Amino acid sequence: MRASRSSRSDARWVWRHRFSWLTVCTTVLLICWGGVVTSIGAGMAFPDWPTSLGSYNLINPVDEWWAVPAYLAEHGHRLVASLVGMLTVVLAAWTWWDDPRAWMRRLGWAAVALVVVQGILGGLRVLWVSIDLAAVHACVAQLFFAVLVAMTLFTSTTWREGRGLLAGGPSRPWLRGLAYAATAGIYLQIVLGALLRHSGGGVSAGFTASHVTGAFVVVGLVMAVFIVAEKHYDDVPVVRRAARALFGAMSLQFALGLAALLVMLYEEGQAGLSLAPVLLTVAHLVVGALLFGTAIVTTLLVARTPEPESSVQASSSNSNASRNRKEPALVGADA
């Protein structure tokens, strides 16, 4: 009977973890779609909100709106955003109902709060015709994405079973500090990238110089995390895999950023909008989000400390006592 209850409990964790992954992947799609909206200048295709050209019909506000690229970009973005909002509410409610960790339940509602704020920011950006709010909207989107990534990690077997915990040692503070610095640097790059994309004046020299300089700083920090993890943590494969994923995402992001910058500089001042800069900038945006998410996972893994042995023993004793109290009722029910 206890084995059956344990398998049902494991199945609940697995399904919630999968649902978290679904929410994360849908959010990646939303970020990608938002990047297309910005790249083709379709942010004001529907100049009203929450209506679309005066219509409250969320599915079909305008006949054959999907045939107009600007309408498809902007209204499609609203549809995917609505889907992400619904998935986030379901995930938070599921977490509140099923997760024994109080801090995790609070994190779920924090995700709901962020997605609501994000929706309001998107609407006000339209109503106020504000480029500044568009940049803020882009930055908050990445924070919301980071919360979802953290929730997905926290429901994983790796986290729940305490795999990959770092033992003490002189290299641990270095790795932790470097991971914190790399994550902060990546988010600062996201902010600079949002300011650059929403500057409204093409390739802004000031933002471009800051963004390029920051890119080299982030490369150095991520390489340091990778080297320390590879050199000192052969016995912690979870951390090494996270550091390798971080290094791989950083390498791809740097290459995409360089390609996007060169193409934008080449095509600046030319009439019309070609496909290459749109694809490169959107890919750079999406990989940047994945890089930030990977940095969040790496930082959480290296920052986590093993529980004191006394706390583990006390928790185990309480759990055993609880099972012993319930056992007669369970046996009686089986009988």
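Preceding this paragraph is the structure being described.
Below or above, wherever it landed, is the structure these notes cover. Quick caveat, the model's predicted, so the values are computed rather than measured.

Here is what the cut-offs are and how they apply
- Residues numbered from 1 in each chain as written.
- Predicted model: local features only at pLDDT ≥ 70, side-chain atom pairs only at ≥ 80, totals over all residues.
- Heavy atoms only, no water.
- Helix = DSSP H or I, 4+ residues; strand = E, 2+ residues; numbered from the N terminus.
- Buried < 20%, exposed > 50% of the residue type's maximum accessible area, 1.4 Å probe, protein only.
- Contact = heavy atoms within 4.5 Å.
- Areas by Shrake-Rupley, 256 points an atom, 1.4 Å probe, with all protein chains shown as cover.
- Phe/Tyr/Trp six-rings, centres within 6.5 Å; stacked < 30°, edge-to-face > 60°.
- Expected span 1.5 Å × (residues − 1).
- Axes fitted to C-alpha atoms, helices over the stretch in contact; angles between N-to-C directions.
- Parallel < 35°, antiparallel > 145°, perpendicular 65-115°, else oblique.
- Left-handed = near helix turned anticlockwise from the far one by under 90°.
- Nonpolar A, V, L, I, M, F, W, Y, C, P; charged D, E, K, R; others polar.
- Polar contact = N/O pair within 3.5 Å; in protein donor to acceptor, adjacent residues only side chain to side chain.

What follows deals with the overall build of the protein. Across its full length, the protein carries 10 helices and 0 strands. Reading the helices (α) and strands (β) of the protein from amino to carboxyl end gives α-α-α-α-α-α-α-α-α-α. Going through the 335 residues of the protein one by one, you find that 42% of them count as buried. The contacts of the protein with a sequence gap of at least 6 include a subset with a gap of at least 24, amounting to 76%. Taken as a whole, the protein presents about 17400 Å² of accessible surface, with 68% of it coming from carbon and sulfur.

Using the criterion set out here, one finds 9 aromatic pairs in the structure. Here the aromatic rings of F46 and Y71 are separated by 4.7 Å at their centres, their planes lie at 35°, and the arrangement is tilted. Of this pair, F46 sits in the loop between helix 1 (2–39) and helix 2 (69–98) while Y71 is found in helix 2, placing the two residues 25 residues apart along the sequence. The exposure class assigned to F46 is buried, which follows from its relative accessible area of 0%. Judged by relative accessible area, which is 21%, Y71 ranks as partly exposed. Where W103 meets F154, the ring centres are 5.0 Å apart and the plane angle is 85°; that geometry is what we call edge-to-face. Separated by 51 residues along the polypeptide, W103 in helix 3 (residues 102–127) and F154 in helix 4 (residues 131–154) bring together distant segments of the chain. By relative accessible area, which is 38% here, W103 ends up partly exposed. F154 gets classed as buried once you look at its relative accessible area, which sits at 8%. Grouped by ring-pair contacts, the aromatic residues W103, F154 and W159 constitute a single cluster.

A separate point is the environment of V147. Note on placement: V147 falls in helix 4. Overall, V147 belongs to the buried group, its relative accessible area being 16%. Not counting chain neighbours up to four residues away, the residues in contact with V147 comprise L107, A111 and L114.

Quick look at the environment of V140 now. Inspection of the secondary structure assignment puts V140 in helix 4. A C-alpha to C-alpha distance of 8.5 Å links V140 and V117, two positions 23 residues apart in sequence. Apart from the residues within four sequence positions on either side, V140 is in contact with L114, Q118, L121 and Y187.

Backbone geometry follows two general trends: most residues other than glycine have a negative phi, and most peptide bonds adopt the trans configuration. Between W49 and the following residue, P50, the backbone shows a cis peptide bond with an omega angle of 10°. For P50, the position within the fold is in the loop between helix 1 and helix 2. With phi around 50°, V129 is a residue other than glycine that occupies positive phi space. Here V129 falls in the exposed class, since its relative accessible area comes to 54%.

Its 28 residues place the ends of helix 7 (residues 205–232) 41 Å apart at the C-alpha level, agreeing with the 40 Å of an ideal helix rising 1.5 Å per residue. Within helix 7, burial applies to T208, H211, G214, A215, V218, V219, L221, V222, V225, V228 and A229.

What follows deals with the environment of W96. With respect to the helices, strands and loops of the structure, W96 is situated in helix 2. Along the chain, W96 and L107 lie 11 residues apart, while their C-alpha atoms are 9.5 Å from each other.

Close contact between helix 7 and helix 8 (residues 237–267) brings their axes to 9 Å; oriented N to C, the two are set at 160°. As far as their axial angle goes, helix 8 and helix 7 are roughly antiparallel. Where helix 7 crosses over helix 8, the handedness of that crossing is left-handed. Together, T208, V212, A215, F216, V219, V222, M223, V225, F226, A229 and E230 of helix 7 and V239, R240, A243, R244, L246, F247, M250, F254 and L261 of helix 8 make up the contact between the two elements. Classifying every residue of the contact of helix 7 with helix 8 by side-chain character gives 16 nonpolar, 1 polar and 3 charged.

Note that Q253 resides in helix 8. For Q253, the side chain forms a polar contact with the main-chain oxygen of H284, separated by 3.0 Å. Excluding its chain neighbours within four sequence positions, the residues that come into contact with Q253 are H284, V287, G288 and L291.

This part is about the packing of helix 2 against helix 4. Remark: helix 2 packs on helix 4, axes separated minimally by 13 Å, with the N-to-C direction vectors making an angle of 35°. Crossing of helix 2 against helix 4: the hand is left-handed. Between helix 2 and helix 4, the residues in contact are H77, V84, T88, L91 and T95 and H137, F144, L148 and M151, respectively.

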